Protein chains: 2
Amino acid sequence: MLMRLLGTGNAPQIPVFGCRCRSCGRARVDENFRRRPTSAEIQTATGRFLLDAGRTDLADWVDPETLSGVILTHYHMDHVAGLFHMRWGVCDPIPVYGPPDSQGADDLLDHPGCLDFSHHLIPYEATQLTEDLTVIPVPIKHSRLTFGYIVKGHRESLVYLSDCDGVGPESAQMIRDANPNAVIVDCSFPPETGRNHLSLDRAYALAEELQAPWLYLTHIGHDLSNYLLDHPLDPEGRLVLSHDGLTFHFD
Amino acid sequence: MLMRLLGTGNAPQIPVFGCRCRSCGRARVDENFRRRPTSAEIQTATGRFLLDAGRTDLADWVDPETLSGVILTHYHMDHVAGLFHMRWGVCDPIPVYGPPDSQGADDLLDHPGCLDFSHHLIPYEATQLTEDLTVIPVPIKHSRLTFGYIVKGHRESLVYLSDCDGVGPESAQMIRDANPNAVIVDCSFPPETGRNHLSLDRAYALAEELQAPWLYLTHIGHDLSNYLLDHPLDPEGRLVLSHDGLTFHFD
């Protein structure tokens, strides 16, 4: 199995509209440095899942015949924007797994089209999506109801925490117990700035709290990106900066 | 001045996600036949305006320094989706002119970022946006509060009616009085089908009612596109099928 990061940027993305900072300028000329809306895809032997759907080009390259479902962390626009085109698809119903947020986003739940939003997941309860893939939603701290996910293969597991301003004790314990190979976590801001998302100092603290062997930072904002041009992450440390396209293998 | 159509498709666009019909298959291999979300840009001697903002790639190629404002017909997602990225821009405030719809779309009005939504237009009242450009909003029939626009240069004018399921008598009279060079109008469906948008037979009737010299059809759905492969528009008639990129010149 693999998990590929389809985006590692925060809501403004990188480049930010109209911004001339170093990180945005670089991303504008070299798309390797772009950071699209934070999201991922999971490919298993028998299925393919989207983990959030904020990229608005999904309908251009996702084939509904090979798409087993969409797993949502929450209903902020930068995590669901791509569904507004996909919902009018000519295809079999596509299951959407996510938190029971009756508000959804704009009119998405009122006019779901081919998307089936009835698959509410229950916190801390394992749901086997395919023979080789199980997900366990863990509630995390954010400005609205948001799930992180423990994503388990047969032997190995990853933890995906976006968007996130910390993790409560019950979720933290479950994550430690899962003994994940890596934790992918929201880190939007430079140290001691921002809210509703982690800043770099709080990401360090979370790595300790979760006893994560590797903490991959995602949901990166341009201020953090610029900060890291001058203050690189400790190469001996356990924090790693993600990039769009980064791929994890786990079985 | 010129008005360039940035998109001529309905909410599902062409190609529709997963659809294998003739029109969608053609658009998938030849992007000249794509129909993106219905929208336009107006370029004047002194400014550039977006007329709706449903394309989600606007932040990639619109320069906020040359953007004078955004004019909205209404707040359905396929007309405002591009604003969710743009709103976090690093730039001067961008005026958004539109109907006084307090609901907006999702959390757009609550978190406007660089977009200034305070510029409500008053039906039937001319607003001069630049020395050479005046717009007059005309309420039109749709499933929520929607303005069409009479777009006037010094001598010539265009009328833009999207989304539209017809025009009431007061708006129709004002459009006739404006004596436009062309009317660009929503026509989503084959004859005698659909709702909230015009079908082909009702577009013919509207051309008569408005005494439009030319009626350019936009907001095209794939069913209408397929119908027109077998039933071409009367080449002697006043109806013309738009395409993405079509450009009108008026002064």
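The numbers attached to residues start from 1 for each chain and follow its sequence in the written order. To read the labels, note that chains go from A and ligands from 1, taken in the order they are written. Note on the predicted model: pLDDT of at least 70 is required for a residue's local features to be given, and 80 or more for side-chain atom pairs to be given and counted; whole-chain, interface and lining totals, by contrast, use all residues. Hydrogens and waters are ignored; side-chain quantities use all the structure's heavy atoms.

1. Some details on the relation of the copies chain B and chain A
Least-squares superposition aligns the copies on the C-alpha atoms of those residues with pLDDT at or above 70 in both. In the superposition of chain B on chain A (RMSD 0.0 Å, axial shift 0.0 Å), the rotation amounts to 180°. As the rotation angle and translation indicate, the two copies are arranged about a two-fold axis. In terms of C-alpha distance to the rotation axis, chain B has Asp 106 of chain B as its closest residue, with the C-alpha 2.1 Å off the axis. Any two residues having at least one pair of non-hydrogen atoms within 4.5 Å are treated as being in contact. When the interface residues of chain B are mapped onto chain A, 100% of them again fall at the interface, so both copies present the same face.

2. Remarks on the packing of aromatic side chains
Pairing of aromatic rings covers Phe, Tyr and the six-membered ring of Trp, with a centre-to-centre limit of 6.5 Å; geometry is then stacked below 30 degrees between planes, edge-to-face above 60, and tilted otherwise. A full pass over the atoms with the stated rule returns six aromatic pairs over all chains. When the ring of Phe 147 of chain A is compared with that of Tyr 149 of chain A, the centres are 6.3 Å apart and the planes differ by 90°; the resulting orientation is edge-to-face. Using a 1.4 Å probe on the protein chains alone, a residue whose accessible area is under 20% of its type maximum counts as buried, one over 50% counts as exposed, and one in between counts as partly exposed. Exposure remark for Phe 147 of chain A: the relative accessible area of 1% places this residue in the buried category. Given a relative accessible area of 1%, Tyr 149 of chain A falls into the buried group. Plain terms: the ring middles of Tyr 75 of chain B and Phe 117 of chain B are 6.3 Å apart, the flat faces sit at 45° to each other, and that makes the pair tilted. In this pair, Tyr 75 of chain B sits in the loop between β4 (69-71) and α3 (77-80) while Phe 117 of chain B sits in strand β6 (residues 115-120), placing the two residues 42 residues apart along the sequence. A single burial state applies to Tyr 75 of chain B and to Phe 117 of chain B, both of which are buried. Consider the ring centre and the ring normal. A charge sits over the ring if Lys NZ or Arg CZ is within 6 Å of that centre and within 35 degrees of that normal. Lying over the aromatic face of Phe 33 of chain A, Arg 26 of chain A brings its terminal NZ or CZ to 3.6 Å of the ring centre. Only runs of H or I of at least four residues qualify as helices and only runs of E of at least two qualify as strands under DSSP, and these elements are numbered from the N terminus.

3. Remarks on the pattern of salt bridges
The rule for a salt bridge is simple: a side-chain nitrogen of Lys or Arg has to be within 4 Å of a carboxyl oxygen of Asp or Glu. Inspection of the entire model under this criterion finds 22 salt bridges over all chains. Here the salt bridges share partners, and the residues they tie into one network are Arg 4, Glu 41 and Arg 48 of chain A.

4. With respect to the sheet that holds strand β14 (residues 247-249) of chain B
Residue and element names in this part refer to chain B. Strand pairing is defined by DSSP finding a minimum of two bridges between the two strands. The strand order β6-β5-β4-β3-β2-β1-β14 describes an open sheet built from seven strands, whose pairing is mixed. Of all the strands in the sheet, just β6 and β14 have a single pairing partner and so form its edges. Each adjacent strand pair in this sheet contributes to an overall mean axis angle of 25°, direction not counted. Here strand β5 (residues 94-98) pairs with β6 via four bridges, running parallel. What sits directly across from Tyr 97, in β6, is His 119. Between N-to-C directions, angles span 0 to 180 degrees; the directions come from axes that are lines fitted to C-alpha atoms, helices contributing only their stretch in contact.

5. Focus: the pairing of strand β2 (residues 39-43) of chain B
All names here are of chain B. For β2, the tally of buried residues reaches four of five residues, placing the bulk of the element in the interior. In terms of strand pairing, strand β1 (residues 2-7) meets β2 through five bridges, oriented antiparallel. When the sheet's bridge partners are listed, Leu 2 is paired in β2 with Gln 43. Relative to strand β3 (residues 48-51), β2 runs antiparallel, the two sharing four bridges. Residue pairing in the sheet places Glu 41 in a bridge with Leu 50 of β3. Counting the residues in the hairpin turn of β2 and β3 gives four residues.

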